Amino acid sequence: MTTLINPADGRTIGDVPDTAAEDVAGAVQTAREAFEQWRDATPGERARVLLRLADLVEGDADELTRLEVAETGKPAAVFRDGELPFAIDNLRFFAGAARSLEGTGAGVLSKGYTSVLVRRPIGVVGSISPWNFPFIMAVWKAGPALAAGNAVVIKPAPRTPGTTLRLAELFAAAGAPDGLLQVVTGGADVGQALVTDPGVDMVSVTGSTETGRAVMRGAVDGLKRVHLELGGKAPALVFEDATLEDMAAGVVMGATYNTGQDCTAATRVYIDRSRYGEAVEALRDAVSRVRPGDPWDEGADIGPLISAAHRDRVHGFVSRASGRIVWGGTPIDGPGFYYSPTLIADADQSSEIVQSEIFGPVLVAVPFDGEDEAVRFANDTPYGLASSVWSADVSRALRVSHRLDVGVTWVNDHLPIASEAPHGGVKGSGFGKDMSQEAVQEYSVTRHLMIKHAAPQARDSFRPA
Ligand code: NAD
């Protein structure tokens, strides 16, 4: 049993039972039966169900907002006017992508044979999602897998199951086969039961790097395909020709959006030493304007952290930080788990505050001398998910971007994403792409059908030239 707590006021919302191991196996079995029907649905049929789902989600905005806000504490306006419409756009994109799976083709590749290449679904996908963007993550997990013709059993994070459970109800109402998208609830043990279930053909997880390792280990015996979206520690590189006011607004938004509980959050800002003082001033002004508040207060920029334990963890990082606290650095009194937006300057590159994922509204500034050092600092963490480059010089921005070991680099901005663009990292941030046509490809395999249509001498074509 997991007790759900509203992070904005610390009150209990209710209890959610954890799915028993035998019920995880039952869900996988039911998903497999549904898969047998869905794999033969035409791309057009799959697309129609996903488009109906998108419409149902749109019509359910109030209830989805109520659930997501209660469990995460994020500002209602941020979810209702930003994340939810984006998730709906994702679903409509996946519906379209279902109809244009790449990799199909045909050819006479050997004498006397016709080859046909088809993309087919993988089977039952076990998906595991985190608590920071529960609804978007459920859509990123289920959408491409279902579009490609798979069945999905998804386990949301224990604290935030509400909108994922709701998504599965809406999916059933959209006309999908019974049991095609199922939800199991609970923590790491339920996640492992799903990963190791022999009826699961592929596992997909978004979570911390440590969880990614545990999931990969669980998938080893079954040699299952693994899709990992893990932690991040995104750098923002500020060159001497950057417009500091725009940079400060963009980097602080990138650092504090979703109270910094974002794998792509701007967490380390590296600034050319010639403008370091000015830039830190501009960042301080921008951080001081970020307003934490009640999620239902339209003026709130950010909500609380997810839990009291997580707030302690964030504050622990800040208390141990090298450098000086320029702004914030304290928990905010009150019933919820609020933390002040925080700017730390002059931190050491090798210190914990620069190297570890904090997952709170904490931005750390470090000066650099020259482009090579900026790139070296940026690449010097175990992660490789996101980054930004701030410069008026397009050539430099491109040159630096190509030297960063990350999945995404924004130039003169930090955070925007699009349904058509793949999202995913390298190094300790995992592998696999969410969104875009690439995500749909990842949940499918290429099969080669080779059809003989001529006499046996056609085998000559196998001889080396
Ligand atoms: P977490 O790793 O604690 O949990 C993620 C999910 O994995 C949860 O559902 C959890 O119950 C489950 N889980 C935990 N241990 C498991 C195990 N041993 N076996 C199977 N399942 C297990 O992460 P979190 O605290 O929920 O989310 C924050 C993390 O997610 C951060 O590290 C963040 O960077 C990452 N994240 C990454 C992306 C991305 O796209 N790369 C997006 C969002 C969040």
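The following refers to the structure shown. None of the values given here were measured: they were computed from a predicted structure. (Residues numbered from 1 in each chain as written. Predicted model: local features only at pLDDT ≥ 70, side-chain atom pairs only at ≥ 80, totals over all residues. Heavy atoms only, no water.)

Attention shifts here to the side chain of Ser 391. Mapped onto the fold, Ser 391 is located in the loop between strand S15 (386–390) and helix H14 (394–402). Sequence-distant contacts of Ser 391, that is, excluding residues within four places in its chain, are made with Phe 239, Asp 241, Ala 242, Arg 396 and Asn 412. (Helix = DSSP H or I, 4+ residues; strand = E, 2+ residues; numbered from the N terminus. Contact = heavy atoms within 4.5 Å.)

In this model helix H8 (residues 209–220) runs 17 Å from its N-terminal to its C-terminal C-alpha over 12 residues, within 8% of the 16 Å that 1.5 Å per residue would give. The complete set of buried residues in H8 reads Thr 209, Gly 212, Val 215, Gly 218 and Ala 219. Structurally, H8 contributes buried residues whose contacts are with strand S5 (124–128), helix H7 (188–196), strand S8 (202–206) and strand S9 (225–229). (Expected span 1.5 Å × (residues − 1). Buried < 20%, exposed > 50% of the residue type's maximum accessible area, 1.4 Å probe, protein only.)

With that out of the way, let us pick up the pattern of salt bridges. Taken as a whole and assessed by the stated rule, the structure comprises 24 salt bridges. With a shortest N-O distance of 3.9 Å, Arg 11 and Asp 9 are connected by a salt bridge. With a relative accessible area of 26%, Asp 9 lands in the partly exposed category. Across the salt bridge formed by Glu 210 and Arg 213, the nearest N and O atoms sit 2.8 Å from each other. (Salt bridge = Lys/Arg side-chain N within 4 Å of Asp/Glu carboxyl O.)

Turning to the site of the ligand, a few remarks are in order. Surrounding the ligand, one finds 28 residues, the nearest of these being Ser 129, Trp 131, Thr 211, Leu 230 and Glu 357. Lys 155 is positioned with one of its side-chain polar atoms (N or O) 2.9 Å from an oxygen atom of the ligand. For the ligand, the accessible surface in isolation is 850 Å², of which the surrounding protein chains cover 88%. Those elements giving two or more residues to the shell around the ligand turn out to be H7 and H8. Grouping the amino acids of the shell around the ligand by side-chain chemistry returns 13 nonpolar, 12 polar and three charged. (Near = heavy atom within 4 Å. Polar contact = N/O pair within 3.5 Å; in protein donor to acceptor, adjacent residues only side chain to side chain. Areas by Shrake-Rupley, 256 points an atom, 1.4 Å probe, with all protein chains shown as cover. Nonpolar A, V, L, I, M, F, W, Y, C, P; charged D, E, K, R; others polar.)

Read from one edge to the other, the open sheet built from six strands follows the order S7-S6-S5-S8-S9-S17, with strand pairing classed as mixed. Each edge of the open sheet carries a strand with a single partner, namely strand S7 (181–183) and strand S17 (430–431). Relative to strand S6 (residues 151–155), S5 is paired through five bridges, and the arrangement is parallel. Each residue of the ladder has a partner; that of Gly 126, found in S6, is Val 153. In this fold helix H5 (residues 134–147) packs onto S5, S6, S7, S8 and S9, with an angle of close to 165° to the strand it touches most, S6. Across the sheet, helix H6 (residues 162–173) is in contact with S6 and S7; its angle to S7 comes to roughly 150°. (Pairing = 2+ DSSP bridges. Axes fitted to C-alpha atoms, helices over the stretch in contact; angles between N-to-C directions.)

Another aspect to go through is the pairing of strand S3 (residues 105–110). Successive residues of a regular strand alternate their side chains across the two faces of the sheet. Where S3 meets strand S4 (residues 113–121), four bridges bridge the pair, whose relative direction is antiparallel. Note on S4: the bridge partner recorded for Ser 110 is Tyr 113. Counted between consecutive antiparallel strands, the loop separating S3 from S4 contains two residues, among which Gly 112 sits at a positive phi close to 85°.

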